[in-house]
Structures are given as structure tokens and as C-alpha cells.
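The primary structure of each chain is shown beneath.
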Amino acid sequence: MTVGIPIRRLWPEPSTQPLDDAALTALYGRADKPRLRVNFVASLDGAVTVDGYSAGLSGEPDKRVFGLLRMVCDALVVAAGTLRHEGYRAVRLNERRRAWRRENGLAEYPTLVVVSGSLDLDPAQAAFADAPTRPVVLTHADADPPAGLTDVADVLRCGTERVDLAAGLAELHRRGLTQLLCEGGPHLLGALTAADLVDELCLTVSPLLAGPGPGRITAGEAAAPPRHLPLRHVLAAEDGVLLLRHARP
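Here we summarise the structure given alongside this text. (Residues numbered from 1 in each chain as written. Predicted model: local features only at pLDDT ≥ 70, side-chain atom pairs only at ≥ 80, totals over all residues. Heavy atoms only, no water.)

1. Points about the overall build of the protein
- In terms of helices and strands, the protein carries eight helices and ten strands.
- Compactness check: the protein gives a C-alpha radius of gyration of 18 Å against a globular reference of 18 Å for 249 residues, within 12% of the reference.
- Judged by the C-alpha coordinates and their principal axes, the protein covers about 55 × 45 × 35 Å.
- Looking at the protein as a whole, 47% of its 249 residues are labelled buried.
- Counting only contacts in the protein whose residues sit at least 6 apart along the sequence, the fraction spanning at least 24 positions is 68%.
- Accessible surface, the protein: about 11,900 Å² in total, of which carbon and sulfur atoms supply 53%.
- Averaging the coordinates of the 27 positive side-chain charges in the protein and doing the same for the 30 negative ones gives two points 4 Å apart. (Helix = DSSP H or I, 4+ residues; strand = E, 2+ residues; numbered from the N terminus. Rg over C-alpha atoms; globule rule 2.2 N^0.38 Å. Buried < 20%, exposed > 50% of the residue type's maximum accessible area, 1.4 Å probe, protein only. Contact = heavy atoms within 4.5 Å. Areas by Shrake-Rupley, 256 points an atom, 1.4 Å probe, with all protein chains shown as cover. Lys, Arg positive; Asp, Glu negative; His and termini not counted. Charge placed at Lys NZ, Arg CZ, Asp CG, Glu CD.)

2. What about the environment of leucine 27?
- As for its position among the elements, leucine 27 is in helix α1 (residues 21-27).
- In the structure, leucine 27 is positioned 206 residues away from histidine 233 in sequence and 8.4 Å away in space, judged by C-alpha atoms.
- Discounting residues that sit within four places of it in the chain, leucine 27 has contacts with Arg9, Leu19, His233, Leu235 and Arg245.

3. Concerning the packing of helix α2 (residues 60-72) against helix α4 (residues 95-103)
- α4 packs onto α2 with a crossing angle of 35 degrees between their chain directions and a minimal axis gap of 9 Å. For the pair α2 and α4, the sense of crossing is right-handed. From α2, Arg64, Gly67, Leu68, Arg70, Met71 and Val72 reach across to α4, where they touch Arg97, Trp100 and Arg101.
- A per-class count over the contact of α2 with α4 returns four nonpolar, one polar and four charged. (Axes fitted to C-alpha atoms, helices over the stretch in contact; angles between N-to-C directions. Left-handed = near helix turned anticlockwise from the far one by under 90°. Nonpolar A, V, L, I, M, F, W, Y, C, P; charged D, E, K, R; others polar.)

4. A look at the packing of aromatic side chains
- Applying the stated rule across the entire model yields zero aromatic pairs.
- Over the face of the ring belonging to tyrosine 109 we find arginine 92, whose NZ or CZ atom lies 6.0 Å from the ring centre. (Phe/Tyr/Trp six-rings, centres within 6.5 Å; stacked < 30°, edge-to-face > 60°. Lys NZ or Arg CZ within 6 Å of the ring centre and 35° of its normal.)

5. What about the state of the cysteines?
- With the rule as written, the count across this model stands at zero disulfides.
- Cysteine 158 forms no disulfide, and the closest cysteine sulfur to it belongs to cysteine 182, at a distance of 15 Å.
- For cysteine 158, a relative accessible area of 7% corresponds to the buried category.
- Lacking any disulfide linkage, cysteine 202 is separated from the closest cysteine sulfur, that of cysteine 73, by 11 Å. (Disulfide = S-S within 2.5 Å.)

6. Observations concerning unusual backbone geometry
- The residue after tryptophan 11, namely proline 12, is reached through a cis peptide bond having omega -15 degrees.
- Positive phi, normally seen in glycine, also occurs at glutamate 13, with a value near 50 degrees.
- Topologically, glutamate 13 is positioned in the loop between β1 (7-11) and α1.
- Glutamate 13 gets classed as exposed once you look at its relative accessible area, which sits at 59%.
- If you check the backbone angles, leucine 119 has positive phi at about 60 degrees while not being a glycine.

7. Considering the pattern of salt bridges
- This model, assessed by the stated rule, comprises 21 salt bridges.
- In this structure, glutamate 183 engages arginine 70 in a salt bridge whose closest nitrogen and oxygen atoms are separated by 2.9 Å. Here glutamate 183, found in the loop between β7 (179-182) and α8 (186-194), pairs with arginine 70, found in helix α2; they are 113 residues apart in sequence, far enough to count as distant.
- Taking relative accessible area as the criterion, glutamate 183 reaches 8% and is therefore assigned buried.
- Among the ionic pairs, arginine 98 bridges to glutamate 108, the shortest N-O distance being 3.6 Å. Separated by ten residues along the polypeptide, arginine 98 in helix α4 and glutamate 108 in the loop between α4 and β4 (111-115) bring together distant segments of the chain.
- Look at glutamate 108 and you get partly exposed, because its relative accessible area is 31%. (Salt bridge = Lys/Arg side-chain N within 4 Å of Asp/Glu carboxyl O.)

Geometry only, nothing functional implied.
Here's what the structure looks like:
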């Protein structure tokens, strides 16, 4: 991984000066109302993975913004399948980012929120067992938790036969978790889009062609009308990566 690759703003107000972390934080800052932000990386031809994992698409600029998005959120929302497949560890931040959160009146670490219809979760996975802040699991009334899950996470039941995402987000808001960052996967994004819950999409476009095979950043069977998300900014890194931010008015 290349370190220290400059990121510059292309639009609006193009700038030749590299953006430091303070400038990037301002561009991706917190909203004054509840917001669900989604963050994904994709190839030029729309692939969400390379060799089955998103890491093959990511580089230093993407990881830099990825870390800043985690820093400014209240909770990190992820589907159980992505948690398992990508091998999520405990959500931790370095001291500089924890200090920023303290200075802005936030808990030192964001809360991990896992969306799971089956509760096929391992309480011993580091994302739960080593979490600095007790995670939350959003599920439905018919799901049975595995032994030990309620020892390491709060299990919230929203819906009967499937997870009611709107009700789940409302419960997170009630707990004070209003700035939500979703990192996928594609089926969760598809369900959130169908429910018209996505307020913002941050998309990193990696300058490579992955070829046929991998899926898109969104998936699922639920039909949904197109959702308009206006472009808010375009950033470019010197390695050819584009960082796009689209958001509701």
C-alpha cells in the first residue's frame, strides 16, 4: 500500500492544493439531522470485489477517507454476511481520531451495528468479543440468538419475519446514534435503497477493470424505483482514484 498519496478537489471549486485531514473531515463532516451514509469502493466496470474481497479495490486514499468516515459517525452499520466474509475486527480508532471525537462531544469509539436476519453470528469473533463499545444487533422477532451473543451485544428485534430496517434505524436514533455509516454489503444496500433510507453514498472508483464475474455494490430481490442522489463533490488522488460523494438535498 502506497502511503501519503495526495488527494485534491476537482469539483466544485477545483484546487491544486492537497487536502489535509482537517479539510477532508470538513468535506465529510457530521450532519445537523439524522443521516444514513453508505460507503463503497468499486472498479471502473462496476465490480464490488476482486478475487472475492473488496480489499483488492482499495488503496491508501480510499483507506484514508474510510477511516475519517468512521471517525465522524455515531455507529457503523454492516450486514452479518459482510462481517463474516470480510473478517471484521473490533471497531477501533487511533488516539488522534479518538481525541477528535472527544473534542466534538462524541464517545471515543463508534458503535458497531450488525444487521442479521438469521443471527448466524459468532460471539467469539473479535468484532464482538474485543469491541471497545458494546455492539448492537438488529434482527427480527423470529430469530434465535446463538449462545453467548447477548453477553457481548444488545439484540434489538425490529420486525417479525424479516428485519424492519426503518424501525431499526428509528431505534438507533432513539439511542442517540443519528449519524450512521453503512459499509455494506450489497444486499443490505439494496434493502436500504428499496426502503428509501439512504441519504448519502460515498463511492470510491478504483482505476481498474475487474472483468466479468463480481457483483455490483447493490443486490437483492426487492424492487425499488430509482433514487436521485445529487453529486456533492469529486476528489481525485494522484494514483488515479476518484472519490465521489452523492447526497440528498
